[in-house]
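Spelled out, the chains give:
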There are 2 protein chains.
Amino acid sequence: MKLSSVKILIFFSISVFFTLRMEAQKPFSEEDALFIKNIFDTSLEEGKAYFWLTNLSENIGGRLAGSPQAAAAVEYTRQEMEKLNLDTVLLQPCMVPHWVRGEKEQVRVVNSNKMGTVDLDALALGNSVGTGPLGITAEVIEVKSLKEVEELGREKIEGKIVFYNRPFDNTQLRTFYAYGKAVDQRVYGPAKAAEYGAVATIVRSMTGKLDDVPHTGVTVYEKEDQKIPAVAISTMDANLLSRLLSEEPVKVFVRTTCENLPKKVSYNVIGEIKGSEFPDEIIVVGGHLDSWDVGGGAHDDGAGCVHSMDVLNLLKMLDYRPKRTIRAVMFMNEENGLAGGLEYAKVSNEKGEKHIFGLESDAGGFTPQGFSCDAENDVFVDLFQKLNEWLPLLEPYNLHLNKGGSGADIGPLKSQLGLLCGLRPDSQRYFDYHHTADDTIEAVHPRELALGSAAMTALVFLVDKYGLN
Amino acid sequence: MKLSSVKILIFFSISVFFTLRMEAQKPFSEEDALFIKNIFDTSLEEGKAYFWLTNLSENIGGRLAGSPQAAAAVEYTRQEMEKLNLDTVLLQPCMVPHWVRGEKEQVRVVNSNKMGTVDLDALALGNSVGTGPLGITAEVIEVKSLKEVEELGREKIEGKIVFYNRPFDNTQLRTFYAYGKAVDQRVYGPAKAAEYGAVATIVRSMTGKLDDVPHTGVTVYEKEDQKIPAVAISTMDANLLSRLLSEEPVKVFVRTTCENLPKKVSYNVIGEIKGSEFPDEIIVVGGHLDSWDVGGGAHDDGAGCVHSMDVLNLLKMLDYRPKRTIRAVMFMNEENGLAGGLEYAKVSNEKGEKHIFGLESDAGGFTPQGFSCDAENDVFVDLFQKLNEWLPLLEPYNLHLNKGGSGADIGPLKSQLGLLCGLRPDSQRYFDYHHTADDTIEAVHPRELALGSAAMTALVFLVDKYGLN
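With that settled, the discussion passes to the overall build of chain A. A tally of regular secondary structure across chain A gives 15 helices and 16 strands. In terms of overall size, chain A behaves like a compact globule, its C-alpha atoms giving a radius of gyration of 24 Å where 469 residues would be expected to give roughly 23 Å. On the principal axes, the C-alpha backbone points of chain A span a range of 75 × 60 × 45 Å. When contacts within chain A are restricted to residue pairs at least 6 apart in sequence, long-range pairs at least 24 apart make up 82% of them.

With that settled, the discussion passes to the domain arrangement of chain A. Residues and elements named next belong to chain A. Each domain of chain A was delimited in the assignment, giving domain 1 (27–98 + 262–466) and domain 2 (102–257). Between domain 1 and domain 2, the contact holds 15 residues from the first and 16 residues from the second. By residue class, the composition of the side of domain 1 that touches domain 2 is six nonpolar, six polar and three charged.

Right, let's talk about unusual backbone geometry for a bit. Cis geometry is adopted by the peptide bond preceding Asp301(A), which originates at Asp300(A) and carries an omega value of 0°. With respect to the helices, strands and loops of the structure, Asp301(A) is situated in helix H10 (residues 298–317). We note that His435(A) has phi near 65°; this positive angle belongs to a residue other than glycine. Along the chain, His435(A) falls in the loop between helix H14 (430–433) and helix H15 (446–466). Even without being glycine, Asn111(B) reaches a positive phi, approximately 55°.

Glancing now at the packing of helix H2 (residues 30–46) of chain B against helix H10 (residues 298–317) of chain B. Residue and element names in this part refer to chain B. H10 packs onto H2 with a crossing angle of 110° between their chain directions and a minimal axis gap of 10 Å. Comparing their axes, H10 and H2 come out roughly perpendicular. Considering how the two elements wind past one another, H2 and H10 form a crossing that is right-handed. Along its contact with H2, which presents Ile-39, Thr-42, Ser-43 and Glu-46, the element H10 presents Asp-310, Leu-314 and Met-317. Class assignment for the residues of the contact of H2 with H10 results in three nonpolar, two polar and two charged.

Here the focus is the sheet that holds strand E11 (residues 278–288) of chain B. In a beta sheet, neighbouring strands pair by backbone hydrogen bonds and run either parallel or antiparallel. Residue and element names in this part refer to chain B. Within the open sheet, the eight strands sit side by side as E1-E10-E12-E11-E13-E16-E14-E15. Their pairing is mixed. Among the strands making up the open sheet, the edge pair consists of strand E1 (88–100) and strand E15 (400–403). This sheet shows a mean twist of 25° between the axes of neighbouring strands, independent of strand direction. Note: strand E10 (residues 259–273) against strand E12 (residues 324–331), five bridges, orientation antiparallel. When the sheet's bridge partners are listed, Ile-270 is paired in E12 with Val-329. Its contacts with the sheet put H10 on E10, E11, E12, strand E13 (354–360) and strand E16 (419–425), and the angle it makes with E11 is roughly 150°. Lying on the sheet, helix H11 (residues 339–350) is in contact with E1, E10, E11, E12 and E13; it crosses E1 at an angle near 140°.

Let's shift gears to the sheet that holds strand E15 (residues 400–403) of chain A. Residue and element names in this part refer to chain A. With respect to topology, eight strands assemble into an open sheet ordered E1-E10-E12-E11-E13-E16-E14-E15, the strand pairing being mixed. This sheet does not close on itself; its edge strands, each paired only once, are strand E1 (88–100) and E15. In this sheet, adjacent strand axes meet at a mean angle of 25° when their direction is disregarded. As paired strands, strand E11 (residues 278–288) and strand E13 (residues 354–360) are joined by six bridges and run parallel to one another. Bridging across to E13, Ile-282 finds its partner in His-355. Packing of helix H11 (residues 339–350) onto the sheet brings it into contact with E1, strand E10 (259–273), E11, strand E12 (324–331) and E13, and relative to E1 it is tilted by some 140°.

Residues and elements named next belong to chain B. Helix length check: H2 (17 residues) gives 24 Å between terminal C-alpha atoms against 24 Å at 1.5 Å per residue, within 8%. Inspection of H2 places Asp-32, Ile-36, Ile-39, Phe-40, Thr-42, Ser-43 and Leu-44 among the buried residues, and these make up the whole buried set. Close packing links the buried residues of H2 with H10, helix H13 (391–394) and helix H15 (446–466).

All names here are of chain B. Across three bridges, strand E2 (residues 106–112) lies against strand E3 (residues 116–119) in antiparallel orientation. Note that in E3 the partner of Ser-112 across the bridge is Gly-116. With antiparallel pairing between neighbouring strands as the criterion, E2 and E3 make up a hairpin whose turn holds three residues.

Here we take up the confidence of the model for chain A. Residues and elements named next belong to chain A. Model confidence for chain A is summarised by a mean pLDDT of 95, while 95% of its residues fall at 70 or above. Note that pLDDT drops below 50 for residues 6–24; the model gives that stretch 27 contacts with residues more than four away or on any other chain. Both scores are given for the predicted complex: the pTM is 0.93, the ipTM 0.92.

Moving on to the packing of helix H3 (residues 49–60) of chain B against H15(B). All names here are of chain B. Across the interface, H3 lies against H15 with an axial gap of 9 Å and an inter-helix angle of 110°. In terms of axis orientation, H3 runs roughly perpendicular to H15. Within the contact between the two elements, H3 uses Ala-49, Tyr-50 and Leu-53 and H15 uses Pro-446, Leu-449, Ala-450 and Ser-453.

All names here are of chain B. In a regular helix each residue adds 1.5 Å, so 21 residues correspond to 30 Å; H15 covers 31 Å between its end C-alpha atoms and thus fits that length. With 19 of its 21 residues buried, H15 lies for the most part within the structure. One or two steps after H15, the chain reaches Gly-467, where phi turns positive at roughly 70°.

We now examine the nonpolar core. Of all hydrophobic cores here, the largest spans 139 residues; its most connected members are Leu53(B), Ile161(B), Val162(B), Val231(B) and Val460(B). Top element by residues in this core is H15(B). It accounts for 12 residues. Inspection of this core shows a minimum of three residues originating in each of domain 1 (19–98 + 262–466) and domain 2 (102–257) of chain B. Of all hydrophobic cores here, the second largest spans 138 residues; its members include Ile60(A), Val203(A), Leu241(A) and Val254(A).

Cut-offs used in this document
Residues numbered from 1 in each chain as written. Chains lettered and ligands numbered in written order. Predicted model: local features only at pLDDT ≥ 70, side-chain atom pairs only at ≥ 80, totals over all residues. Helix = DSSP H or I, 4+ residues; strand = E, 2+ residues; numbered from the N terminus. Rg over C-alpha atoms; globule rule 2.2 N^0.38 Å. Contact = placed C-beta atoms within 7 Å. Domains from an automatic or database assignment. Nonpolar A, V, L, I, M, F, W, Y, C, P; charged D, E, K, R; others polar. Axes fitted to C-alpha atoms, helices over the stretch in contact; angles between N-to-C directions. Parallel < 35°, antiparallel > 145°, perpendicular 65-115°, else oblique. Left-handed = near helix turned anticlockwise from the far one by under 90°. Pairing = 2+ DSSP bridges. Expected span 1.5 Å × (residues − 1). Buried ≥ 20, exposed ≤ 12 C-beta atoms within 10 Å, placed from the backbone. pLDDT = per-residue confidence, 0-100. Core = buried A, V, L, I, M, F, W, Y, C linked by C-beta atoms within 7 Å.

Structure, rendered in C-alpha cells:
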C-alpha cells in the first residue's frame, strides 16, 4: 500500500471520536470517548503488560499449581501490584493439586515392519499417572470418539493402547469451537478407555495446525481404577501413526514418570481499589496465574494476568478514581482444578459480596475483537442491553459484543447475578501455542497485547462510571 | 481456557447462520448465508492462497518491477490461473521503471569520539540514486519534518546529510495512519533536503517497532537536481544516531550503488470469468504482483495476489456461475510507479468498460476485519448503503464496513462511478514486515490468509448476485 491510498485513509480517520453523534439522550458523554481514547493511547505507549509478561513467561516461566515457579509468580505479581499504590494487595490461600511431569516422556513405535522404531513427539497429560520406570508396550487401536470405544467394547480394547485421533474441525471460524468439539478425547478419553481395559491412552494434540509440537492439558479420572497413563502426541505424529495402523498392527512403547503429589497451599493474588461512592459494588477483572509447565504460559494465561493488572495500572496512570470497588485477581490453578476460582467465589459468597461485573481474559494476548457476555437467565437481557448502549464507544476500536462464555475462574460468581464477560481476542493463532513449549513471549505481539489491556480498561471504566442498573 | 467455558461458547455458536432473522423484506436469502458459509469452509480447508503464496514469496521471492523475479511472478500466476479453467487469462503490457539496488549498502558513523566507527543497518530507498563507488562522507543534521528543513534553510543544510527522524505515532489504532503521518519523510524528504543543498538523506525506517530491521520504500524526485542518495536505517540505529548527535557532531559515510536502468515492458496478469447475464458489468479483484526486492513480498502484496486468485478459485470450486464478469488482476509496479494500475484503467476507459465494483487487497494477509469503501461523492451514499444491507451476512465473520481508501491499483477506476473497496485486515503486525527482508511466508498465518480470501469471495458473490443498483 502506498502513499496515495494512505492519504485517503487518513482523511477518514480524522477525529473519529468527534464524529460520534452525541445526542442528548445517549447514555454516555463526549468526555467518555476522550477518556477511552486516553486509555488506548496510554496503554499503547506506556502500558506495562508486555514488560510484566516478559518477566512472567521468560524469567519465571511455566508455573503449574504447586510448582516453585507458581510460587514465584504469586510473589512477583504481589510485588508488582504493591508498586501500583492500590488500597489493598493480598494473598488468598487455596489448596491446589500438585502434579509433576517427571522425566521426559518416551513414546515410540517399536518394531514396525514398515518403519522400524520411531520416536513420537509427546507430552504426558496433566493429572495422568505414570507408566512406572519400565514403561508399557502394547498394541495400538485407533478410535475417533469415546463412543467408538464403547462400541468396540472390552473385547477389542482390553490390553491395548487406545489412540484418540479425531482432528480439529478447521472450518470453525473461532478456533475455540474446534477445541470444544475435540477436547473430550483428552479430558475424558483416558478414563473411558480404562473402563474397557485399555492399558494406556494416546491423544492427538488439541490443535488444527499440522506440526511436531505436542500439546499437554488436563485429563480427568473419576474413579481410582480409571487411572491409566495418558499422553498427547503431535498432529504430524498422529497422522503418521494413523497411516501406519492402516497398513499393519503397531506396537507402541510409552514411558512416563509423572505423578500426583500431596496437595499444597497456594494463593490467588488480589489487588483492589476501593470504590469512592459504591464500595459494595464489586468489579473484578482477572486471569489465571498458573500455566502448564512446558513453555512460558505467555498466552495461556500470562496475558490475562498482565491485562488485569494493567487495568488497575492504566486507571491509576490516568488519575481515575473509581466509584465502585475494582479488583484484579490472579487466579491460581485454573488449568488442573480451578481451586482459586472456587475459593474466591466461596469467600465472596460467605462475605455476602455482590460482584456486579466480572471480566476475565483467558483467550490469549491477540488483537481483541470484543467481549462475550454471560449472566443468569433472569438478568441477562437487561444487563446485556445496558452494555450494548455503550457500543458506539467501543466499535471505533473494533470491539463488539456477543453472548457467550466469560471465563472459568469468574464463572462461579454467576450466582451473584452480575454480568460476566470474557475478553474475546482473535483466535486464529491461539491453538498454535496453547499448552505447548511454544507459548512464549515471542508468540505475543506488544501492540496486540496492549490493545487487550485497553479494551478491558475501557469496559471497566464504563461499568464503574455508570453501573449496570 | 478450559472445558467448562468452551462448552458455553459452543452452546451459543450452534447454527449461528440460522438465527439470522431472515424476514421477507431482507435483501438477501437464507441460501446466501449458507453459500457464504461454504465459501469460508472451503477456503479454510481447501483454499490455495497459502500454497500459492509460498511459491510466490519463497520460490520466486522479492520481485521488483523490471526484475527477473517479477517476470517469473508474471509467468507463475499466469500458469496458475490457466489451471483454474477461466474464460480468459491474458497478459496486459505496461512500461515499468527498472531500479536496481546494487551492492549491499554501507552506512557508517565514522570517527565518533564516543563510539568510534559504527555500522548502521540500512537499505537504499527505491528510485534513489547511488553515491558512486567511493561513497559520501558528511556531517549529519537531524530534523523531524520537511518543514524543519525549510526553516533551517540552506545555511544549515548545505553540504550535510539530512537525517529525518520523526517516529511513528504509536497511539494510532490502525498502523496505516501512523505510516501516513510519517511517510512524507521518505517519499519527499530527500528531494526537499536536496533543494537546500544536502548531499544525502537518511530516513528513520517506517515502522513503530524498535528493532534492527531497515525498511525500504519509494522516494520521489521531481527535478533532476533533487537526485541525492537516500537510505533508510533501522529504528534502533535511528535512536542511536539521534543520541549521538545530541552529544557531539557526527559524520556518516554512505555508500550505495543503486541505479535506475531504462524502462522495461512488464505485465498485469488478468484472469476472467465472463458474466452469464450482465457481462458488461465488471467486478475486479486485485493485488499487486511486484514487491520490494528484499524479503519475499509475502504480506506486501503477495497476499493480495493470492487472495484475488482464490476468489476465482473458490467460486469455481463451489460451481458458482457469475451473472457479472469477474476479473482477478495481478497489477504490476504498484511499489514504484503504479504503471499497471494506470494502464489497466486507461485500457478499460478506452474500451468504454464499466467496473461496478473493485476490491483490492493490499494491507497484508492478517485476519480480516472488514472492508473500507470509496466512490465518487455523487454515488457513494447509495452504493455504501447497498453494501450495508448485507452486513448481517458479514458480521458473523467479524467483517465490518467503513468509509476509507480502497487500493492504489484500482483507484484510477473511480471515475467509472462504481464502488471501490479495500480488504481491511488487522494492521497491528503489518509494519513489522512492510518493505523488509522479514516479509516472508513465515510472517503469514495460513488461517488468517484463508479468511481474507473468503471475505473477499463472500463480498464479490453478493455484488455479483444482486448488483449494486
